[in-house]
Amino acid sequence: MTKSIKTELWKALHNPMFYLSTAIGIAIAVSNVIRSASRIQYFNEAMASLSPHSTSSRSPIGYSLFIQWLPIARTTLCHQIYFFIWPILAAMPFGWSYHQERQNGVYNQIISRSSKQTYFISKYIAVFVSGGLAVSLPLLFDLFATAMVCPYVVPTPIIPINIISDGYFLSELYYFRPWTYAFIICFVDFLLGGITATLCISAGSKIRLQIVVILIPFATYLFLDAGWSLISDLLGLNFELSPFALAAVTAEMPTPEWAVCTIIFALLLISIGFGYFQVVKHELD
């Protein structure tokens, strides 16, 4: 079992599509860092042009690291692009390699050397890790890179620019322990990315086009997002349950802790259940 997991992890993390997916995410993060650096430079130049007495009454809170960080900066183009394509980034490493294994015969060789359960567990763990890293690594990169150009100012709820309010995921922690909050958000997105990638397993091998497999989680989340928007409008609900939107901590509607945990747990059960049935009970029988 351990050897099989190591083998699958090595393949998943040395997959060219994993590199490409991570590179796309980091490219978006770099764009966000450049934007943040430009804004803080403009702020410094504006402050330098003021008199010393005026400078003392001004606060750079709007240019804080924890306001310019990619998951928080909801109004920026970088944020909108990243949290629109993140299911595709998560699915790219496995969705591509799985079909290659089926087409070149490597799949049959792996199955002949291990049990069905061992193969599924090893593949599931590898897919989960690769998808989780593809989503969370760019966010970590953006966090540390933005910290190099933006000041560390503890955010405060009294300024209008801060859109994290009561009802959002760990909102109190955001205002008291922002670094802890940021690492937890990266972990949550790691879980969502990993679960999203494993949904490709449920698609099976009957779909011939690799690009279609990659787009299955994205299309599923879009459908769920549209469905939840309709339900919330009809019932007047004011919280977010769409997995598509929960990855972004600054969704348009509040994201309470119970909603985030419920969706993660539900998607985990679905991905394990359908994936096990598809691989062990269907494709390997």
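Residues numbered from 1 in each chain as written. Predicted model: local features only at pLDDT ≥ 70, side-chain atom pairs only at ≥ 80, totals over all residues. Heavy atoms only, no water.

Colleague: For this particular structure, what's the right way to read empty space enclosed by the protein?
Modeller: To find leftover empty space, a probe the size of one water molecule is rolled over the atoms. Tallied over the entire structure, the rule returns one cavity of 30 Å³ or more. When its volume is computed, the largest cavity comes out at roughly 40 Å³. Lining of the largest cavity is provided by Phe-169, Ile-185, Val-188, Leu-246, Ala-248, Val-249, Thr-255 and Val-260. A breakdown of the residues in the lining of the largest cavity according to their chemical character gives seven nonpolar, one polar and no charged. (1 Å grid on protein atoms, 1.4 Å probe; cavity = no way out; pocket = protein on both sides within 12 Å on 5 of 7 lines; lining within 4 Å. Points joined across faces, edges and corners; volume = space filled by probe spheres on them. Nonpolar A, V, L, I, M, F, W, Y, C, P; charged D, E, K, R; others polar.)

Colleague: Hey, could you run me through the confidence of the model for the protein in this one?
Modeller: Atom-level detail of predicted coordinates should not be read off regions where pLDDT is low. Mean pLDDT over the protein works out to 81, with 78% of the residues at or above the 70 mark. Helix H3 (residues 52–55) is the least confidently modelled element of the protein, averaging 50 in pLDDT, while helix H9 (residues 178–202) averages 92, the highest of any element. Across residues 54–59, where pLDDT falls below 50, the model places five contacts with residues more than four positions away in sequence or in other chains. (pLDDT = per-residue confidence, 0-100. Helix = DSSP H or I, 4+ residues; strand = E, 2+ residues; numbered from the N terminus. Contact = heavy atoms within 4.5 Å.)

Colleague: For this particular structure, what's the right way to read the layout of surface pockets?
Modeller: Of the pockets and cavities examined, the largest pocket occupies roughly 440 Å³. In this structure, the largest pocket is lined by 19 residues; those nearest its centre are Asp-225, Phe-244, Ala-245, Ala-251 and Glu-252. In terms of residue count, the dominant contributor to the lining of the largest pocket is helix H10 (residues 210–235) (six residues). Its residues assigned to classes, the lining of the largest pocket comprises nine nonpolar, five polar and five charged.

Colleague: Would you explain the environment of Pro-87 in this entry?
Modeller: Tracing the sequence through the fold places Pro-87 in helix H5 (residues 77–104). Using a relative accessible area of 0% as the deciding quantity, one classes Pro-87 as buried. Remark: the alpha-carbon pair of Pro-87 and Gly-131, spanning 44 residues in sequence, is separated by 8.9 Å. Not counting residues within four places of it along the chain, the set of residues in contact with Pro-87 comprises Thr-196, Pro-217, Phe-218, Tyr-221 and Phe-244. (Buried < 20%, exposed > 50% of the residue type's maximum accessible area, 1.4 Å probe, protein only.)

Colleague: How should a nonpolar patch on the surface be read in this particular structure?
Modeller: On the surface, Leu-230, Ile-231, Leu-234 and Leu-235 cluster together into a nonpolar patch covering about 440 Å² of accessible area. The exposure class assigned to Ile-231 is partly exposed, which follows from its relative accessible area of 40%. (Patch = residues over 30% accessible without salt bridge, like charges linked within 9 Å, V, L, I, M, F, W, Y side chains within 5 Å. Areas by Shrake-Rupley, 256 points an atom, 1.4 Å probe, with all protein chains shown as cover. Salt bridge = Lys/Arg side-chain N within 4 Å of Asp/Glu carboxyl O.)

Colleague: For this particular structure, what's the right way to read the packing of helix H1 (residues 2–13) against helix H7 (residues 116–147)?
Modeller: The description of two packed helices rests on the angle between their axes and on the distance between the axes. At a minimum axis separation of 8 Å, H1 and H7 run at an interaxial angle of 35°. As for the relative orientation of H1 and H7, their crossing is right-handed in sense. Residue-level inspection shows Ser-4, Ile-5, Glu-8, Leu-9, Lys-11, Ala-12 and Leu-13 of H1 in contact with H7, the latter providing Thr-118, Ser-122, Lys-123, Ile-125, Ala-126, Val-129, Ser-130 and Leu-133. (Axes fitted to C-alpha atoms, helices over the stretch in contact; angles between N-to-C directions. Left-handed = near helix turned anticlockwise from the far one by under 90°.)

Colleague: Quick question: what am I supposed to make of H9 here?
Modeller: Within an α-helix, residues lying three or four positions from one another point in the same direction, as the helix has 3.6 residues per turn. The end-to-end C-alpha distance of H9, which contains 25 residues, comes to 37 Å, matching closely the 36 Å that a straight helix rising 1.5 Å per residue would cover. With 19 of 25 residues buried, H9 is to be regarded as a mostly interior element. (Expected span 1.5 Å × (residues − 1).)

Colleague: Got a minute to help me understand the packing of aromatic side chains in this structure?
Modeller: Aromatic ring pairs are reported here in terms of the distance separating the ring centres and the angle at which the planes meet. Overall, the coordinates contain 17 aromatic pairs when judged by the stated rule. A ring pair is formed by Phe-66 and Trp-179, whose centres lie 5.3 Å apart and whose planes are at 90°; its orientation type is edge-to-face. Taken together, the residues Phe-66 in helix H4 (residues 65–68) and Trp-179 in helix H9 connect sequence positions 113 residues apart. Residue Trp-179 is classed as partly exposed on the basis of its relative accessible area, which comes to 27%. Consider the rings of Phe-128 and Phe-190, whose centres lie 5.8 Å apart with planes at 75°: the pair is edge-to-face. Within this pair, whereas Phe-128 is found in helix H7, its partner Phe-190 is found in helix H9, the two being separated by 62 residues in sequence. Considered together, Phe-128 and Phe-190 belong to a single accessibility category, that of buried residues. (Phe/Tyr/Trp six-rings, centres within 6.5 Å; stacked < 30°, edge-to-face > 60°.)

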